[in-house]
Amino acid sequence: MDFLLDDEQQALADAVRGLLKGYDAEKRRTVTEDDPGFDEEMWKKLADMGVLGLPYPEDVGGSGAGPVEVAVVAEELGKVTAPEPFVEAVVFAGGLIAACGTAEQKQEHLAAISDGSVLPAVAWHAPDGSGEGVTVNDDGTLSGTKEPVLNGARADLLVVLAGGRLFLVSGADVDSHGSRTSYRTVDGLRAAEVVFDQTPATPLGDGSDMSESFRTIAAIARIAYGHEALGLMDTALRLTTSYLTTRKQFGVTLNTFQALTFRAADMYTSLELTRSIVTWATMVLADSSSTPAKVREAAFRSKLQVSKAGRHIGQEAIQLHGGIGMTMEYAVGHITARLTAIDHTLGDGRDMVAALSTSLTDHGVVEPLP
Amino acid sequence: MKLSLTEEEQAFREEMRTFFTTKIPKELRERGATEEGESFKDAVVTTQRILNEAGYAVPNWPTEWGGQDWTPLQKHIWHEEMQLANVIPPLAFNANMIGPVIANFGSEEMKEKFLAKTANMDIWWCQGFSEPNAGSDLASLTTKAVKDGDDWVINGQKTWTTLGQYADWIFCLCRTDPEVKKQAGISMILIPMDAEGVTLRPIQLIDGGHEVNEVFFEDVRVPAENLVGEENQGWTYAKFLLGNERVGVAPVGATKRNLALVKETAAAGSSDGGIDDPLLAARIVELENELLALELTALRVVANSTDGKPHPASSVLKLKGTELQQAVSELAVDVYGTSSLASGARDTGVPLAAALAGPTYLNLRKASIYGGSNEVQRQIIAGTILGL
Ligand SMILES: Cc1cc2nc3c(=O)[nH]c(=O)nc-3n(C[C@H](O)[C@H](O)[C@H](O)COP(=O)(O)OP(=O)(O)OC[C@H]3O[C@@H](n4cnc5c(N)ncnc54)[C@H](O)[C@@H]3O)c2cc1C
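It should be emphasised that the depicted structure is a prediction, and the values quoted were computed from it without experimental measurement. (Residues numbered from 1 in each chain as written. Chains lettered and ligands numbered in written order. Predicted model: local features only at pLDDT ≥ 70, side-chain atom pairs only at ≥ 80, totals over all residues. Heavy atoms only, no water.)

Quick look at the site of the ligand now. In the region of the ligand, 27 residues are neighbours, and A:Gln319, B:Ser136, B:Thr162, B:Ser373 and B:Glu375 sit closest. The residues that come close to the ligand belong to more than one chain, namely chains A and B. A:Gly323 has a polar backbone atom sitting 2.7 Å from an oxygen atom of the ligand. Separating an oxygen atom of the ligand from a backbone N or O atom of B:Phe129 is a distance of 3.1 Å. (Near = heavy atom within 4 Å. Polar contact = N/O pair within 3.5 Å; in protein donor to acceptor, adjacent residues only side chain to side chain.)

Laid out in structure tokens, this is it:
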């Protein structure tokens, strides 16, 4: 057992951090001002570094790396609140293609995702949050609405969930047979209402029910989001402690007030507990003996902790900063907004509790080790 | 002890309810929470003018200046019914802050010049207290006012000036004597926003909205008569004003209303979270109960305060009131779930209430920061009430 990164993983972290250098609140604000809500140049640089093909096999243009490498990247992106949609596009959308696609589909799309020429997005959520919102017509086309589709208007390729099956739809086909309406999300990024109107679609894989795989890849995305959130929380705490030691009121720095330093200590406690459980979830995912059910459970547990800690740390970071924490000019507000968005993507803490409750009597104690 | 309202009080409540729900047009009561710009300004001004015409804009002022001879309980009923009907409340800077200060401490000329216009929103006021280095420690403010002949000359900077972009005038705390103890060298001065040397810079908040500003003063000249009350007495007036600010700051009625709306959405089950989820139901029940306790505390405070002095428990109202306001906004985001990400969605499949839930939650983080942060409230409770 070892919770630490090896030298190569550490080198990857350093490289990504180097690439993201200078990503501060001001840069994020400028970048997210305009569509597509992230920096296309940075996306290309991430592609050139091999980051966008990290989890895919080498024979389809990826780098064949494992969950730990994915975690490392997500965490570095989180540390600077980078708006680039790594988890959404690479882990979730690309992950579905890698898990469910035919050999030709993988060949065609994963290489293009890896080199940054194709941005995929997953369309899974119906506007009212219930049901799937999209149906498969007799001729194999799709009709209905998905919303919010993260990066839905910018995406070149959509992976659409309908009737338990998955479909590949090109962005261009949606534009000619349907529509995409883009808008800002709560964290300043972009999502879209995507309307399908007899839109041509290709089944992903053999066209069979993919619910099982969808659940597993969603779990893997939840785990990756956990690492992004960890990076966000880590920075939120760092900014808060540094603010407390520099901001002066009543002639003294704020860390003179124990009422505030104890709250920072509580934030640290939340952060470290989260680090443990999120890292554990990635270790479960990376362990060859883990069944898909085990991975899903680890993802629920990780996201539950992330939901609670994200709220705690996000809210306290703003509060301990006072007014400055409320502004777009300063980083903690962006962090809290992003944590809020992650919390409500693929289920929040309450959903995780509900999911875990169904298997409560399957075990006596919770045993973290295989 | 007696639970029920008297017949007169019940009649009063009915009168308020009828007025708010029939005399304030529906469009004015159904504005989106994050609206801004001219239409927002118009809505605020129009609403307050309707209220003012009926004598309901500034009931807390002295009667000779448009106030009402109401009991504290009647004032409370007025405030609650207004919130339950989703009426835009009278602008706090006018009705709760500078109006009462001028009425209590201003010269007769100042009262004549400002009070009627302030009640009627012919003047939109903003509050120039906080500075970059004077937040919780307000008394350390450094914006300077120097007497030059018959004028005050003002130099310095204010920040977090809420709705300053719409304001005609700003009431400012300025340092007029740097030699004495910091609280003893502060004066309150009234400055027109269009005076030469005043500039305003918008600050964007994390919900994307523009509601606060920085205001800069460079050799701004105003006549000596713009001083409120006496020179170097500004801190006394500010404390009086902040006392008023904190009383109205626990929006029990509005929070109750919002919770009921969230419950309705959850009951309709048209979102990621339905009320049949026991976890969600439990949270709603607990919030309802906490709000009940808060409302009863507010009632207990008004029922037993006859001398006009704030009841010691009123700090509890700000502290708990803002916590519950925030908790309900958090619940709304949870009920809308993934749809709440769609903050910019308009006229798509995502309902407007879902789109606004996230920005509202983020925006309301402010409630525990301004008007005396919740840490400051705890200090008041610990120090003033518990003697610790
Ligand atoms: C949206 C918004 C609107 C506002 N509108 C106005 C306005 O219209 N006019 C105006 O004048 N001001 C306005 N304010 C300013 C507001 O009053 C200040 O933000 C507030 O006084 C806190 O000051 P600060 O932001 O400088 O935080 P700081 O005072 O720097 O406080 C930072 C943190 O330290 C805590 N803290 C400070 N001192 C102590 C202590 N002794 N013990 C324990 N904890 C402490 C605070 O509670 C806070 O958590 C507004 C603020 C916001 C966010």
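The structure having been displayed, the exposition proceeds.
Turning our eyes to something else, we now look at the sheet that holds strand β1 (residues 120–123) of chain A. Residue and element names in this part refer to chain A. Read from one edge of the open sheet, four strands run β1-β4-β5-β8, paired in mixed fashion. For this open sheet the edge positions go to β1 and β8 (202–203), each flanked by a neighbour on one side alone. As defined by bridge partners, β1 adjoins strand β4 (residues 157–162) across four bridges and the pair is classed as parallel. Its bridge partner lying in β4, valine 122 is registered against valine 159. Relative to the sheet, helix α5 (residues 86–100) contacts β1, β4 and β5 (165–170), its axis offset from that of β1 by approximately 80°. (Pairing = 2+ DSSP bridges. Helix = DSSP H or I, 4+ residues; strand = E, 2+ residues; numbered from the N terminus. Contact = heavy atoms within 4.5 Å. Axes fitted to C-alpha atoms, helices over the stretch in contact; angles between N-to-C directions.)

Moving on, we get to the environment of A:His363. Residue and element names in this part refer to chain A. Here histidine 363 shows up in the segment after α12 (349–357). Between the C-alpha atoms of histidine 363 and glutamate 84, which are 279 residues apart in sequence, the distance is 39 Å. A distance of 3.4 Å separates a polar side-chain atom of histidine 363 from the backbone oxygen of serine 359.

Let us now look at the domain arrangement of chain B. Residues and elements named next belong to chain B. Domain annotation for chain B reports domain 1 (7–90), domain 2 (125–232) and domain 3 (249–385). On a C-alpha basis, the centroid separation for the pair domain 1 and domain 2 is 29 Å. Interface area, domain 1 with domain 2, both sides summed: about 410 Å², of which 55% is carbon and sulfur. Looking only at domain 1, the three residues that lose the most surface to domain 2 are Glu36, Phe40 and Lys41, adding up to 82% of its buried area. Applying the counting criterion to the domain 1 and domain 2 interface returns zero salt bridges. Where domain 1 touches domain 2, the interface holds one residue pair in polar contact (both at pLDDT 80 or more). (Domains from an automatic or database assignment. Buried area = accessible area lost by both parts, 1.4 Å probe. Salt bridge = Lys/Arg side-chain N within 4 Å of Asp/Glu carboxyl O.)

Moving on, we get to the packing of aromatic side chains. Aromatic ring pairs: the centre-centre distance and the angle between the two ring planes describe each pair. One pass over the full model with this rule turns up 19 aromatic pairs over all chains. Here the aromatic rings of B:Phe129 and B:Phe171 are separated by 5.8 Å at their centres, their planes lie at 85°, and the arrangement is edge-to-face. Here B:Phe129 is found in the loop between β1 (125–128) and β2 (144–148), whereas its partner B:Phe171 is found in strand β4 (residues 169–175), with 42 residues between them in sequence. Judged on exposure class, the residue B:Phe129 and its partner B:Phe171 are both buried. In textbook terms, an aromatic cluster arises when at least three aromatic residues are bridged by ring pairs, as seen for B:Phe12, B:Phe19, B:Phe20, B:Tyr56, B:Trp70 and B:Trp78. For the cation-ring pair, A:Lys27 lies above A:Tyr23, with the distance from its terminal atom to the ring centre recorded as 4.2 Å. (Phe/Tyr/Trp six-rings, centres within 6.5 Å; stacked < 30°, edge-to-face > 60°. Buried < 20%, exposed > 50% of the residue type's maximum accessible area, 1.4 Å probe, protein only. Lys NZ or Arg CZ within 6 Å of the ring centre and 35° of its normal.)

Before going further, it helps to examine the interface of chain B and chain A. Counting residues at the interface gives 50 residues for chain B and 45 residues for chain A. Buried surface at the junction of chain B and chain A, summed over both partners, amounts to about 3900 Å²; 56% is from carbon and sulfur atoms. At the boundary of chain B and chain A, one finds five salt bridges. A salt bridge links B:Glu330 to A:Arg311, with the nearest nitrogen and oxygen atoms 3.0 Å apart. Elements represented by at least two residues in the side of chain B that touches chain A include exactly β6 (198–204), α9 (278–303), α10 (314–336), α11 (352–363) and α12 (374–385) of chain B. No other element matches the five residues that α11(B) contributes to the side of chain B that touches chain A. Residues belonging to the side of chain B that touches chain A are distributed by class as follows: 18 nonpolar, 21 polar and eleven charged. (Nonpolar A, V, L, I, M, F, W, Y, C, P; charged D, E, K, R; others polar.)

Moving on to the sheet that holds strand β6 (residues 178–184) of chain A. Residues and elements named next belong to chain A. Spatially, the four strands line up as an open sheet ordered β2-β3-β7-β6, and their pairing is antiparallel. With one partner strand each, in any of the chains shown, β2 (134–136) and β6 form the two edges of the open sheet. The sheet shows a mean angle of 15° between the axes of neighbouring strands, taken without regard to direction.

Here we take up the side chain of B:Gln74. Residues and elements named next belong to chain B. Checked against the element boundaries, glutamine 74 lands in helix α4 (residues 72–84). There is a polar contact of 2.9 Å between the side chain of glutamine 74 and the backbone nitrogen of threonine 71. In this view, glutamine 74 contacts Phe12 and Asp69; residues no more than four positions away in its chain are not counted.

Take the UniProt feature "domain: Acyl-CoA dehydrogenase/oxidase C-terminal" (unreviewed entry) in chain A next. The sites that carry the UniProt feature "domain: Acyl-CoA dehydrogenase/oxidase C-terminal" (unreviewed entry) are, in the present numbering, residues 219–338 of chain A. As annotated, residues 219–338 of chain A has a helix share of 79% and a strand share of 3%, and its two end C-alpha atoms lie 19 Å apart. (UniProt positions renumbered as here; feature names shortened; annotations may be inferred.)

A separate point is the layout of surface pockets. Residue and element names in this part refer to chain B. The space that makes up the second largest pocket amounts to roughly 740 Å³. Forming the walls of the second largest pocket are 25 residues, and the residues nearest its centre are Leu3, Ser4, Leu5, Leu73 and Leu299. Breaking the lining of the second largest pocket down by element, the ones donating at least two residues are α1 (7–23), α4 and α9. Residues of the lining of the second largest pocket, tallied by class, amount to twelve nonpolar, four polar and nine charged. Mapped onto the domain boundaries, the lining of the second largest pocket takes at least three residues apiece from domain 1 (7–90) and domain 3 (249–385). (1 Å grid on protein atoms, 1.4 Å probe; cavity = no way out; pocket = protein on both sides within 12 Å on 5 of 7 lines; lining within 4 Å. Points joined across faces, edges and corners; volume = space filled by probe spheres on them.)

With that settled, the discussion passes to the confidence of the model for chain B. Should the pLDDT be low somewhere, the predicted coordinates at that spot are not to be read in detail. Taken over all residues, the pLDDT of chain B has a mean of 92, while the share at 70 or more is 94%. Overall fold confidence (pTM) sits at 0.97, and the ipTM for the predicted complex is 0.96. (pLDDT = per-residue confidence, 0-100.)

This part covers the pattern of salt bridges. Residues and elements named next belong to chain A. Enumeration over the complete set of coordinates arrives at 42 salt bridges over all chains. For lysine 27, the salt bridge goes to aspartate 39, with nearest N and O atoms at 3.5 Å. Here aspartate 39 lies in the loop between α2 (25–33) and α3 (40–48) and lysine 27 lies in helix α2, a separation of twelve residues in the sequence. Among the residues examined, lysine 27 registers a relative accessible area of 28% and is labelled partly exposed. Taking the relative accessible area as the measure of exposure, aspartate 39 reaches 18% and is therefore buried.

Turning our eyes to something else, we now look at the UniProt feature "domain: Acyl-CoA dehydrogenase/oxidase N-terminal" (unreviewed entry) in chain A. With numbering matched to this structure, UniProt assigns "domain: Acyl-CoA dehydrogenase/oxidase N-terminal" (unreviewed entry) to residues 7–116 of chain A. Secondary structure content for residues 7–116 of chain A is 65% helix and 0% strand, while the C-alpha to C-alpha distance between its ends is 27 Å.

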